[in-house]
Amino acid sequence: VPALATERRFAQRLRECLEEERLSDGRYQLQRMPGGRVALPVLEEKLSQLCLPPEMPCELVRIQDPVPSRAARRRTPAQRLRDELRRLLGASWSEELEQDVPHAWQRHGDLVLLSEDSFKAAPWDRLGSALWETVASALGARRVARRGRVMPDGMRTPSVTLLLGQHGWVEHVDNGIRWAGAAGCGLCEEGTALTIWAGSSRYTFDVTKCMFSPGNITEKLRVASLSCSGEVLVDLYAGIGYFTLPFLVHAGAAFVHACEWNSHAVEALHRTLVLNGVRDRCHIHTGDSRQVSAAAWPRSPLPAGIPSPPLSSQLQLRDVADRVNLGLIPSSEEGWPVACRVLKKDTGGVLHIHHNVETPPAPGPPQTAVLLAERGSPEAASSAGEAQHPTEDSGEEMLRARLRPEWQRWAEATATRIQGLLAELHGRPWRTSVLHIEAVKSYAPHVHHLVLDLQCQPVLP
């Protein structure tokens, strides 16, 4: 680090002069030198602007092992990133480049996932790998990737570019659930698994091939709190196990049928089930559950030590489920007939239906209660309830614990539609009741991701 060395009696005057000219490098402490002198760190990119009074004797030196200042030790990761990039670019640093540096990012173990609009200016390209090595060092990571737009292929395949590192496998833990991926310890070989904890389960997945939505954490926590002891669940859009894992690990479901058509997500789901010790309580059905046909999986052999998952050639489930999870947005409507088919025909069960609902700005204060809307019975019941606070805001606003009229109308219409599907399927009347409406997150301006818990029961003769 460049510094100006001077006698101790001139140190205070020199510091004031450097700070006034904005030449002082506040990231490092001044350092004592032999002969009673002190060295004050200066910004290398501004050395050409250095112009000191002749009566202030000083010498340009290099500090080999600079000590971070107290202020530097309190820097946020975003500040540290900007400081390191400014140092890398030197005189080329500009306000335009500073605006191109991200303020936030996703972290998955030792992998940092940047937003798609970061580092887009032309000067960054000329830095090559030095840029990504600097980003990784500043953020305490070993691997760096950048998101693109989600591909419109029906599988929500991410468009992610790996900028530094050999593979995109990570492991994530939230709600105690481990989601498997590739280990970020720097000692693991390519293809080994990295873990992400979610309350206490671990998920593993390849960030370049599978989506992970941190905005769904409130719903995962809610699912984990349900009492599903002894129940059989069908998860129609399992993905990497967002909801399969909470149902198995926390809610106590006896068995889960997990349906997924993305082969990369199937591989991640299988690894995650093994990682959490619940592989024997889940059957993976591959392919499009709406078409009851399966895709071949896996496309490539799994690493040694991980057994191949049992696969279904087609989804032939019927009359097996106490609960069905339909965790697909913007709409899971194409899966509703399948959900009705897999529910137990003699006792029924609960559907957890995800959907994006448009919510125009409310002119007045919204309702405060979630009403129970019963379909298929002579009387209509109502009971007090409340949609719960999600912990994440996606940009429009923090959701309030209030039921919007649009949400209630959507829930009632969905209950009526499901009741008709069940009656048509079984040739006898069914009753549907809205148990709960959960606001998961704000998906877009005036669009909210909701979950409807719908009780479905056959009407006894």
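Residues numbered from 1 in each chain as written. Predicted model: local features only at pLDDT ≥ 70, side-chain atom pairs only at ≥ 80, totals over all residues. Heavy atoms only, no water.

Engineer: How do you make sense of the overall build of the chain when you look at a structure like this?
Structural biologist: Looking only at helices and strands, one finds 11 helices and 18 strands in the chain. Out of the 461 residues in the chain, the part that is buried amounts to 51%. Taking all contacts inside the chain whose residues are at least 6 apart in sequence as the whole, residues at least 24 apart take part in 68%. Accessible surface, the chain as shown: approximately 21700 Å² in total, 50% of it carbon and sulfur. (Helix = DSSP H or I, 4+ residues; strand = E, 2+ residues; numbered from the N terminus. Buried < 20%, exposed > 50% of the residue type's maximum accessible area, 1.4 Å probe, protein only. Contact = heavy atoms within 4.5 Å. Areas by Shrake-Rupley, 256 points an atom, 1.4 Å probe, with all protein chains shown as cover.)

Engineer: Is there a simple way to explain the side chain of Arg 222 in this structure?
Structural biologist: Examined against the element boundaries, Arg 222 turns out to sit in helix α7 (residues 217-225). Judged by its relative accessible area of 8%, Arg 222 falls in the buried class. Once residues within four sequence positions are removed from consideration, Arg 222 is found in contact with His 352, His 436, Glu 438, Val 451 and Asp 453.

Engineer: For this particular structure, what's the right way to read empty space enclosed by the protein?
Structural biologist: Empty pockets left among the atoms are what a rolling probe the size of a water molecule brings to light. In total, this model carries one cavity of 30 Å³ or more according to the counting rule given. If you add up the space inside the largest cavity, you get close to 70 Å³. Residue lining of the largest cavity: Val 1, Pro 2, Asp 25, Arg 27, Tyr 28, Val 42, Leu 43, Glu 44, Glu 45 and Arg 87, and that is the complete set. (1 Å grid on protein atoms, 1.4 Å probe; cavity = no way out; pocket = protein on both sides within 12 Å on 5 of 7 lines; lining within 4 Å. Points joined across faces, edges and corners; volume = space filled by probe spheres on them.)

Engineer: Before we go on, may I ask you to explain the packing of aromatic side chains in this structure?
Structural biologist: Pairs of aromatic rings are described using the distance from one ring centre to the other and the angle between the two planes. Tallying each qualifying case throughout the model produces four aromatic pairs. With 6.5 Å between their ring centres and 70 degrees between their planes, Trp 93 and Trp 124 make a pair best called edge-to-face. You can see Trp 93 sitting in the loop between α3 (77-89) and α4 (95-99) and its partner Trp 124 sitting in helix α5 (residues 122-125), a full 31 residues away along the chain. An angle of 50 degrees between the planes, with centres 6.5 Å apart, marks the rings of Tyr 242 and Phe 243 as tilted. Three or more aromatic residues link up through ring pairs in this structure, and these residues are Trp 93, Phe 119, Trp 124 and Trp 132. Sitting over the face of the ring of Trp 169, Arg 271 holds its NZ or CZ atom 3.9 Å from the ring centroid. (Phe/Tyr/Trp six-rings, centres within 6.5 Å; stacked < 30°, edge-to-face > 60°. Lys NZ or Arg CZ within 6 Å of the ring centre and 35° of its normal.)

Engineer: What am I meant to see in the pattern of salt bridges here?
Structural biologist: Think of it this way: side chains of opposite charge can pair up when their charged atoms draw near. Within the structure shown, the criterion is met by 14 salt bridges. In this structure, the salt-bridge partner of Arg 222 is Glu 438, at a minimum N-O distance of 3.9 Å. Taken together, the residues Arg 222 in helix α7 and Glu 438 in strand β17 (residues 430-444) connect sequence positions 216 residues apart. Accessibility classification places Arg 222 together with Glu 438 in one group, the buried group. Each of Glu 219, Arg 222, Glu 438 and Asp 453 takes part in salt bridges that share partners, so that together they form one network. (Salt bridge = Lys/Arg side-chain N within 4 Å of Asp/Glu carboxyl O.)

Engineer: Mind showing me how you'd approach a negative patch on the surface here?
Structural biologist: On the surface, a cluster of negative charge is made up of Glu 16, Glu 19, Glu 20 and Glu 21. With respect to the helices and strands, the residue Glu 21 is situated in the loop between α1 (11-20) and β2 (31-32). For Glu 21, a relative accessible area of 46% translates into the label partly exposed. (Patch = residues over 30% accessible without salt bridge, like charges linked within 9 Å, V, L, I, M, F, W, Y side chains within 5 Å. Lys, Arg positive; Asp, Glu negative; His and termini not counted. Charge placed at Lys NZ, Arg CZ, Asp CG, Glu CD.)

Engineer: Looking at this structure, I do not really get the sheet that holds strand β8 (residues 160-164). What am I missing?
Structural biologist: Sheet strands pair by backbone hydrogen bonding; their relative direction is either parallel or antiparallel. Spatially, four strands are ordered β5-β6-β7-β8 in an open sheet, and the strand pairing comes out mixed. Since the sheet does not close on itself, it has two edges, and those belong to β5 (106-108) and β8, each with one partner. The mean inter-strand angle of the sheet, taken between neighbouring strand axes irrespective of direction, is 25 degrees. Bridge analysis of β5 against strand β6 (residues 111-114) gives three bridges, and the strand direction is antiparallel. Directly across from His 108, in β6, lies its bridge partner Leu 111. (Pairing = 2+ DSSP bridges. Axes fitted to C-alpha atoms, helices over the stretch in contact; angles between N-to-C directions.)

Engineer: I tried to follow α3 on my own but got confused; where do I start?
Structural biologist: Residue pairs spaced three or four apart in an α-helix point in one direction, given the helix's 3.6 residues per turn. A rise of 1.5 Å per residue sets the reference length of α3, with its 13 residues, at 18 Å; its end C-alpha atoms lie 18 Å apart and thus fit the reference within 8%. All of the buried residues in α3 are Ala 78, Leu 81, Arg 82, Asp 83, Leu 85 and Leu 89. On its buried face, α3 is in contact with α4, α5 and α6 (129-139). Directly after α3, the chain includes Gly 90, whose backbone phi takes a positive value near 60 degrees. (Expected span 1.5 Å × (residues − 1).)

Engineer: Just checking my understanding: could you explain the sheet that holds strand β1 (residues 2-7) for this structure?
Structural biologist: Strand order in the open sheet formed by four strands is β2-β3-β1-β4, and the pairing between neighbours is antiparallel. Two strands close off the open sheet at either side, each with one partner strand: β2 and β4 (59-62). Two elements, β1 and strand β3 (residues 37-41), share five bridges in a ladder whose sense is antiparallel. Note that in β3 the partner of Ala 5 across the bridge is Ala 39.

Engineer: I would appreciate a short explanation of the pairing of strand β18 (residues 447-458) in the present structure.
Structural biologist: The side chains of a regular strand alternate between both faces of the sheet. Most of β18 is tucked away, with 11 of its 12 residues classed as buried. Of the strand pairs in this sheet, strand β15 (residues 349-358) and β18 are connected by 10 bridges, and their pairing is antiparallel. Bridging from a neighbouring strand, His 352 pairs with Asp 453 of β18. Hairpin geometry of β17 and β18 is characterised by an intervening segment of two residues between the two adjacent antiparallel strands and by a positive phi of about 65 degrees at His 446.

Engineer: When you look at unusual backbone geometry in this model, what are you seeing that I'm missing?
Structural biologist: Residues Ile 329 and Pro 330 are joined by a peptide bond in cis, for which omega reads 10 degrees. In this structure, Phe 119 is a non-glycine residue whose phi angle is positive, near 55 degrees. Within the element layout of this structure, Phe 119 appears in the loop between β6 and α5.

Engineer: I'm lost on the environment of Ala 415 in this one. Help?
Structural biologist: Here Ala 415 lies in helix α11 (residues 405-426). For Ala 415, a relative accessible area of 0% gives the class buried.

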